[in-house]
Protein chains: 2
Amino acid sequence: MNQRVAIIGAGPSGLSQLHAFEKARLNGIDIPEIVCFEKQKNWGGLWNYTWRTGLDEHGEPVHGSMYRYLWSNGPKECLEFADYTFSDHFQKNIPSFPPRPVLYDYITGRAKSENLDRYIQFETVARRVEYDQDSDQFQVVVEDLKTQQEQCQTFDYVIVATGHFSIPNVPHLEGLESFSGRVMHSHDFRDAEEFRDRNTVVIGSSYSAEDIALQMYKYGARSVTIGYRSSPMGFNWPEGIKEVPLPMKLQGKSAQFADGTDQDDLDAIILCTGYLHSFPFLEDSLRLKTHNCLYPDGLYKGIFWQDNPKLMYLGMQDQYYTFTMFDAQAWYARDVILGNIALPEASVRLEDMTTWKTREEALSNPFEDIDFQTDYIKDLCAATDYEDFDLDAAANAFKTWEHHKVENILTYRDQAFVSPCNGEKAPVHHTPWLNALDDSMAAFLATEKELVVKAG
Amino acid sequence: MNQRVAIIGAGPSGLSQLHAFEKARLNGIDIPEIVCFEKQKNWGGLWNYTWRTGLDEHGEPVHGSMYRYLWSNGPKECLEFADYTFSDHFQKNIPSFPPRPVLYDYITGRAKSENLDRYIQFETVARRVEYDQDSDQFQVVVEDLKTQQEQCQTFDYVIVATGHFSIPNVPHLEGLESFSGRVMHSHDFRDAEEFRDRNTVVIGSSYSAEDIALQMYKYGARSVTIGYRSSPMGFNWPEGIKEVPLPMKLQGKSAQFADGTDQDDLDAIILCTGYLHSFPFLEDSLRLKTHNCLYPDGLYKGIFWQDNPKLMYLGMQDQYYTFTMFDAQAWYARDVILGNIALPEASVRLEDMTTWKTREEALSNPFEDIDFQTDYIKDLCAATDYEDFDLDAAANAFKTWEHHKVENILTYRDQAFVSPCNGEKAPVHHTPWLNALDDSMAAFLATEKELVVKAG
């Protein structure tokens, strides 16, 4: 049959897909020809840290939104690969909130162990994907950024794994055009050190605003004023961070907020205003158009493009679960392509989507959101042979984590969780997050004894 | 015949092209159907100032590289439209080095006077241009960014007027990945005020490095250290700016240069490392691939794509002349499309290109460069009815300007030149550039008397 599958992106979701196929192949199953196109020099998607902002060395939008000193903001136990646990990878039990280099090592470690790079064309960007009705195939134009040569290839399936935290959503706020300080989106935030002793405003009330405010506090910003539109995050912020309502009136280097709060000598305004689902390389009719939500319209099982299910999307949901969910989706997508799962007809798919969408619309708090996404993953896993793990335990871990954050936003990362995959309880980290200024893998993995020796 | 012409971009070169056709139409000549696609909300290309950096509100690369307080770095007399002088537009004689808002008003003023916006689809980006051999036409896919709807249209000619100072060339310098200050390209430079009291490094030795260093000096940076690769610009820099050789060793927030110069407490590194010619929307075989030079390979008369002369490029040269040259090119391109000029066959075109290229390769200093580009424009103008003006006078103005810069880089903008179009000598500006912190049109156009009244 010699079918061909294009995977666009070798970040976590693309790597999950490659791994799913590779696992089948290692089990003696015939798999289609797989080609993965990756814009960056290396795999890992968002988890590749780069000093670059804006456009990259080839003039392409920089994919990464990652900053130095980022530590996981959720317990690692809630994103663990069931078939490749953290203990499998590190050969030891590690704390629950690792910094970026540790997570990068983990995600790419599984891919490395299977040499998945042989499926990947690096520094190759998808320029144009069109569907040809006559042949029931996709024409995929890619460009090798090293040679600037284009190539058009034909595929039976296209899997979009390009993520949705790369293209910033940058609204205009009144006064920004005349503000003489720095204006930036969190996408371009790289190093909290840049803001030491600076007065900053953070606009937003979701994860980016929360974490960037904390980063700047941790690394010595003079002040962090968070402006929210509808409702505050409401954490017990330490002295030096405050949360105030928008709109903000800018004049010169001063800002005045709706509640009368003034901030003078403002150095920077950081727009933590989220990201766009953006797929300019897909022809219009193939393009998912959605905001960030738990059940984007038009994707059966959250994966299959309803108008043409040979086009698939991975990870396009708002995410509690991340790598775990990508694995579940990748297994399902693989099994459809391999013919192990037959897709029902369009009307049945629509009915299924409507059921989920209706449930999503009724969700009213994070705990219900967590249950929703847990059930979604259960539904996917029930249909495949993805390794068993205790999803209810993971869901409970998320809920406990939410409580920890409310209790103390500065210490929630010092907690330890139990793995839903192997039942191990994580050790408590040797250094509280607030004092852990070194985010290297060596520092994180060091034992207390090693740290004492080094310090001595 | 009803031929169709697509113009991609409504910046200065695209507007020159629209104006050239409109002028013909007003003279009673039948013109083809013209559609101009402009990514931005408004016309003016680079001359649109925006506070945005990186990606815009639609997730597209921000076109503008413009910063607040930019003043023309060449005499306005060397970029004057022969058929619409500065005096025509402002109804008075104005000084030789206007700030951005004044130039913006001038360029777009001519377009406005002819209502050229009726040819333009704003917020519409070219996604894909392909040539179809069978029909000898171009398929142009554009996306309306407001509605996210794509459209495919057929054209007989495509004119690429997207500029080449929009996509930053960002090399990797050793140590940038661990430098904890700010790293940015000049493309994202917006406001010198951001660098008041800061220690900065500027990398580069061309116009951006020169002007951004001066901007930061003018607006109070603590120090500006310019790192050059091959040779310094060598101006008589004021105290506070120095020019030192690369490579630079970065450690923490310190930089050490090849000559031993140290700079500690470094806040920002600004890469003034130029721009890429980047046309990702064109299929490979239509794509100009060149560095920034006076005679890019493969463009007959600097305009016509040798392999397919129905594809044209405007303004892709390194530029002494700017708007003047775009007009000359636009008139020539128009006259080829209208059939007034017959393109010779490929071998003759090649011979002509080779002659120019050979001359270009022998150029050894800016004065020869100026003569080269002057002759190039003369060659174009000789074939069309573009309004006569004194190109030799313009060339001499450029040479005088080069001398002024060498004499004093802080005062060259205080000089006054003679218009090659109407022979008027510009007045001396009421305020030396170094003291003119207000770059508004009102301040620039005010008479000394009005300034006194205002100050009083």
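Just above sits the structure.
Residues numbered from 1 in each chain as written. Chains lettered and ligands numbered in written order. Predicted model: local features only at pLDDT ≥ 70, side-chain atom pairs only at ≥ 80, totals over all residues. Heavy atoms only, no water.

Draft legend 1. Up close: the overall build of chain A. Helix and strand counts for chain A come out as 10 helices and 20 strands. Relative to a compact globule of 456 residues, whose C-alpha radius of gyration would be 23 Å, chain A shows 22 Å and is just as compact. Considering only C-alpha atoms, chain A reaches an extent of 65 × 55 × 50 Å along its principal axes. Of the contacts made within chain A by residues no fewer than 6 positions apart, 68% connect residues no fewer than 24 positions apart. Summed over all atoms, the accessible surface of chain A reaches about 17,400 Å², with 47% contributed by carbon and sulfur. With 41 positive and 69 negative side-chain charges, chain A shows a spacing of 5 Å between the two charge centroids. (Helix = DSSP H or I, 4+ residues; strand = E, 2+ residues; numbered from the N terminus. Rg over C-alpha atoms; globule rule 2.2 N^0.38 Å. Contact = heavy atoms within 4.5 Å. Areas by Shrake-Rupley, 256 points an atom, 1.4 Å probe, with all protein chains shown as cover. Lys, Arg positive; Asp, Glu negative; His and termini not counted. Charge placed at Lys NZ, Arg CZ, Asp CG, Glu CD.)

Draft legend 2. Highlighting the side chain of Glu22(A). All names here are of chain A. With respect to the secondary-structure elements, glutamate 22 resides in helix H1 (residues 12-26). Using a relative accessible area of 2% as the deciding quantity, one classes glutamate 22 as buried. Among the polar contacts made by the side chain of glutamate 22, one reaches the side chain of arginine 25 at a distance of 2.9 Å. (Buried < 20%, exposed > 50% of the residue type's maximum accessible area, 1.4 Å probe, protein only. Polar contact = N/O pair within 3.5 Å; in protein donor to acceptor, adjacent residues only side chain to side chain.)

Draft legend 3. Representation of the environment of Phe257(B) in the model. Residues and elements named next belong to chain B. Looking at where phenylalanine 257 falls in the secondary structure, it is placed in strand S14 (residues 254-257). Along the chain, phenylalanine 257 and leucine 246 lie 11 residues apart, while their C-alpha atoms are 5.8 Å from each other. If near-sequence neighbours (up to four positions away) are discounted, phenylalanine 257 is found in contact with Val201, Thr225, Gly227, Val244, Pro245, Leu246, Pro247 and Met248.

Draft legend 4. Structural context of the relation of the copies chain A and chain B. For the pair chain A and chain B, the relating rotation is 180°, the translation along its axis is 0.0 Å, and the fit reaches an RMSD of 0.0 Å. Look at the turn and shift together and you get a two-fold axis relating the two. Closest to the rotation axis within chain A is the C-alpha of Gly54(A), separated from it by 1.9 Å. When the interface residues of chain A are mapped onto chain B, 100% of them again fall at the interface, so both copies present the same face. (Least-squares fit on C-alpha atoms with pLDDT ≥ 70 in both.)

Draft legend 5. Structural context of helix H4 (residues 207-218) of chain A. All names here are of chain A. Compared with the 16 Å implied by 1.5 Å per residue over 12 residues, the 16 Å span of H4 between its first and last C-alpha is a close match. By the criterion of burial, H4 is predominantly enclosed, with nine of the 12 residues buried. By the burial criterion, the buried members of H4 are Ala209, Glu210, Asp211, Ile212, Ala213, Leu214, Gln215, Met216 and Lys218. Buried residues along H4 sit against strand S10 (199-203), strand S11 (223-228), strand S12 (241-245), strand S16 (268-271) and helix H8 (391-407). Just downstream of H4, glycine 220 is the residue with a positive phi angle, here 95°. (Expected span 1.5 Å × (residues − 1).)

Draft legend 6. Geometry of the interface of chain A and chain B. Listed per partner, the contact involves 48 residues of chain A and 48 residues of chain B. Note on chain A versus chain B: buried area summed over both sides is about 3,700 Å², and carbon and sulfur give 46% of it. Ranking the residues of chain A by area buried against chain B places Trp51(A), Leu55(A) and Glu150(A) at the top, with a combined share of 18%. Linking chain A with chain B are eight salt bridges, by the criterion used here. Of the charged contacts in the structure, one is a salt bridge between Arg128(A) and Glu150(B), with a shortest N-O distance of 2.9 Å. Where chain A meets chain B, there are 20 residue pairs in polar contact (both at pLDDT 80 or more). Mapped by element, the contributors of at least two residues to the side of chain A that touches chain B are strand S4 (124-132), strand S5 (137-144), strand S6 (149-155), strand S8 (167-168) and strand S9 (182-185) of chain A. When its residues are assigned to classes, the side of chain A that touches chain B shows 16 nonpolar, 11 polar and 21 charged. (Buried area = accessible area lost by both parts, 1.4 Å probe. Salt bridge = Lys/Arg side-chain N within 4 Å of Asp/Glu carboxyl O. Nonpolar A, V, L, I, M, F, W, Y, C, P; charged D, E, K, R; others polar.)

Draft legend 7. Expanded view of the packing of helix H6 (residues 346-361) of chain A against helix H7 (residues 366-382) of chain A. Residue and element names in this part refer to chain A. Between H6 and H7, whose axes approach to 11 Å, the crossing angle comes to 160°. Put simply, H6 runs roughly antiparallel to H7. Considering how the two elements wind past one another, H6 and H7 form a crossing that is right-handed. Along the contact surface, H6 presents Trp356, Arg359 and Glu360, while H7 presents Asp371, Phe372, Asp375, Tyr376 and Asp379. Among the residues forming the contact of H6 with H7, the class breakdown is three nonpolar, no polar and five charged. (Axes fitted to C-alpha atoms, helices over the stretch in contact; angles between N-to-C directions. Parallel < 35°, antiparallel > 145°, perpendicular 65-115°, else oblique. Left-handed = near helix turned anticlockwise from the far one by under 90°.)

Draft legend 8. A look at the packing of aromatic side chains. Scanning all chains against the criterion turns up 64 aromatic pairs over all chains. Ring centres 6.3 Å apart and planes at 45° place the aromatic pair Tyr300(A) and Phe304(A) in the tilted group. Per residue, the accessibility class of Tyr300(A) equals that of Phe304(A), and both read buried. Ring geometry for Trp356(B) and Tyr376(B): centres 6.1 Å apart, planes at 85°, overall edge-to-face. (Phe/Tyr/Trp six-rings, centres within 6.5 Å; stacked < 30°, edge-to-face > 60°.)

Draft legend 9. Region of the structure containing H8(A). Residues and elements named next belong to chain A. With 17 residues, H8 extends 24 Å from end C-alpha to end C-alpha; this agrees with the ideal 24 Å at 1.5 Å per step. Listed as buried for H8 are Leu391, Ala394, Ala395, Ala397, Phe398, Lys399, Trp401, Glu402, His404 and Lys405. Contacts made by the buried residues of H8 are with H4 and H7. The backbone nitrogen of aspartate 392 lies 3.3 Å from a side-chain oxygen of the residue at the head of H8, namely aspartate 390.

Draft legend 10. Focus on the pattern of salt bridges. This structure, assessed with the given rule, holds 64 salt bridges over all chains. The closest approach of N and O atoms between Arg287(B) and Glu143(A), which form a salt bridge, is 2.7 Å. Here Glu143(A) lies in strand S5 and Arg287(B) lies in the loop between strand S17 (275-276) and strand S18 (299-300), a pairing that spans two chains. Glu143(A) carries the same exposure label as Arg287(B), and that label is buried. A salt bridge links Arg287(A) to Glu150(B); the nearest nitrogen and oxygen atoms lie 2.7 Å apart.

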